[in-house]
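# Geometric and topological summary
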Amino acid sequence: METTSRAVAQAPAGEGGLPAPSARRAVDGYLLAPFPWYGLDEAFTGPRWLMQVGTSADGSVEHGSIGHGDEPSVRNEFVSGSPDEPKEKFAVVVTVAAHPVRQLADGTGRLEATTVSSAAWLAGVGLLSFTWPMQMDHALRDDWLEQQTETAWVLADDLSGPDWSTLSLPVDGVPASFHYRESEYGWVLAGTTEQGVHLGAYGRGMSAYGLGFAVVKDITTYA
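Along every chain, residues carry numbers that run from 1 in the direction the sequence is written. Local features in this predicted model are restricted to residues of pLDDT 70 or higher, and side-chain atom pairs are both shown and tallied only at a pLDDT of 80 or more, whereas totals for entire chains, interfaces and linings draw on every residue. Working from all heavy atoms in the structure, the side-chain values ignore hydrogens and water.

### Thoughts on the overall build of the protein
A tally of regular secondary structure across the protein gives 3 helices and 12 strands. Think of it in three bands: with a 1.4 Å probe and only protein chains considered, a residue is buried below 20% of the maximum accessible area for its type, exposed above 50%, and partly exposed in between. A burial count over the protein gives 47% of its 223 residues as buried. Residue contacts follow a heavy-atom distance rule, with two residues in contact if any of their heavy atoms lie within 4.5 Å. Excluding contacts between residues fewer than 6 apart, the proportion of contacts in the protein whose partners are at least 24 apart in sequence is 62%. A 1.4 Å probe and the Shrake-Rupley method give the accessible areas. Residues count as covered only by the protein chains that appear here. Summed over its atoms, the accessible surface of the protein is roughly 11500 Å², and 53% of this surface lies on carbon and sulfur atoms. In this description a helix means any DSSP run of H or I spanning at least four residues, a strand means any run of E spanning at least two, and both kinds are numbered starting from the N terminus.

Next up, the structure:
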């Protein structure tokens, strides 16, 4: 799935309580999507924040992420808590438009189909973006990320393999089956919905077992 990401981190409000320009640009990317966005359901009462959207070669929005809890930084020896009590507790929900293989509008190529594996890969790479092993030199992180990104793709392409288990979680109030795996860096899961989208999620410090997902009623409230 070839997409480009557009950074849309949450920005503070401007004068008079109105969203700052960067915040308006952030939510604009989400508003362009022709599919519904998902986040954690109402059982989660903590902070929620926009992250980024990804676009396809023809400029259409293909996927995006919404964060919940603490906004994570890259985990190393300076920001991580103890293994039993991580300093940062967050869960990120990735919504991916479900598409078959399709031609670009200008006829110059085609876009790959999106599947549950697409959501699993995006979630796996998302978790890696906030992680590197504590014993690793910062200068080696790019090589480590490249290797781990390839590993994340291999794992996402084999959701029936031994690295994944099955987890049932509610989606819009109805139990749904997800592929789930844990690592020393956090957890990743992926599944699908009845709303024409696949869901991925990743997190650290928040258990995946008690989560539920629901359509975001008004994405502008997250900006």
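### Section: the pairing of strand β5 (residues 90-97)
Within β5, 8 of the 8 residues are buried, leaving the element largely enclosed by the surrounding structure. Neither face of β5 is left uncovered, since the one carrying Phe90, Val92, Val94 and Val96 and the one carrying Ala91, Val93, Thr95 and Ala97 both have all their residues buried. Pairing of strand β4 (residues 61-69) with β5, which is carried by 7 bridges, proceeds in the antiparallel orientation. Among the inter-strand pairings, Gly64 is bridged to a residue of β5, identified as Thr95. Relative to strand β11 (residues 197-204), β5 runs antiparallel, the two being bridged by 8 bridges. Across the sheet, residue Ala97 finds its bridge partner in β11, namely Val197. Being paired, for any two strands, means DSSP has found at least two bridges between them.

### So, the confidence of the model for the protein
Across the protein, the average pLDDT comes to 80, with 74% of residues at or above 70. pLDDT measures the predictor's confidence residue by residue and takes values from 0 up to 100. Ignoring residues within four places in sequence, the model shows residues 1-22, a span with pLDDT below 50, making 52 contacts including any to other chains.

### What to know about the packing of aromatic side chains
Two rings from Phe, Tyr or Trp (for Trp, the six-membered ring) form a pair when their centres sit within 6.5 Å of each other. Planes less than 30 degrees apart are called stacked, planes more than 60 degrees apart edge-to-face, and all others tilted. Counted under the stated rule, the structure contains 8 aromatic pairs. Here the aromatic rings of Phe90 and Tyr202 are separated by 6.4 Å at their centres, their planes lie at 80 degrees, and the arrangement is edge-to-face. Taken together, the residues Phe90 in strand β5 and Tyr202 in strand β11 connect sequence positions 112 residues apart. Judged by centre distance (5.4 Å) and plane angle (40 degrees), the rings of Phe178 and Phe213 are tilted. Separated by 35 residues along the polypeptide, Phe178 in strand β9 (residues 174-183) and Phe213 in strand β12 (residues 213-215) bring together distant segments of the chain. Counting every residue linked through ring pairs, the aromatic cluster contains Tyr30, Phe35 and Trp37.

### Points about unusual backbone geometry
Positive phi, close to 55 degrees, is recorded for Asp172, a residue that is not glycine. Relative to the elements of secondary structure, Asp172 occurs in the loop between β8 (165-171) and β9.

### A closer look at the nonpolar core
As used here, the term nonpolar core means buried Ala, Val, Leu, Ile, Met, Phe, Trp, Tyr and Cys residues forming a set that is joined through side-chain atoms within 4.5 Å. Formed by 59 residues in total, the largest nonpolar core has its most connected members in Trp37, Leu189, Tyr202, Phe213 and Ile219. In contact with Tyr202, not counting residues within four places along its chain, are Met51, Phe90, Ala91, Val92, Val94, Ala123, Gly126, Leu127, Phe130, Trp187 and Val188.

### Quick word on helix α2 (residues 116-128)
Between the first and last residue of a helix there are one fewer steps than residues, each counted as 1.5 Å, and that sum is the expected span. Between its first and last C-alpha atoms α2 spans 19 Å; for 13 residues at 1.5 Å apiece the expected length is 18 Å, and the two agree. The buried fraction of α2 is high, at 11 of 13 residues. Listed in full, the buried residues belonging to α2 are Val116, Ser117, Ser118, Ala119, Ala120, Leu122, Ala123, Gly124, Gly126, Leu127 and Leu128. Two N or O atoms count as a polar contact when they lie within 3.5 Å, although within protein this holds only if one can serve as hydrogen donor and the other as acceptor, and sequence-adjacent residues are included solely when both atoms are side-chain atoms. Sitting at the amino-terminal end of α2 is Thr115, which places a side-chain oxygen 3.1 Å from the backbone nitrogen of Ser117.

### Structural notes on a negative patch on the surface
Residues forming no salt bridge and having over 30% relative accessible area are the ones grouped into patches, like charges within 9 Å of each other and nonpolar side chains (Val, Leu, Ile, Met, Phe, Trp, Tyr) within 5 Å. Think of a salt bridge as a Lys or Arg side-chain nitrogen and an Asp or Glu carboxyl oxygen that are within 4 Å of each other. All tallies of charge rest on Lys and Arg as positive and Asp and Glu as negative; His and the ends of each chain are not included. Positions of charges follow a simple convention, taking NZ of Lys, CZ of Arg, CG of Asp or CD of Glu. Side chains of Asp142, Asp143, Glu146 and Glu150 sit close together on the surface and give a patch of like negative charge. If you trace the backbone, Glu150 turns up in helix α3 (residues 141-156). Its relative accessible area of 48% is what places Glu150 among the partly exposed residues.

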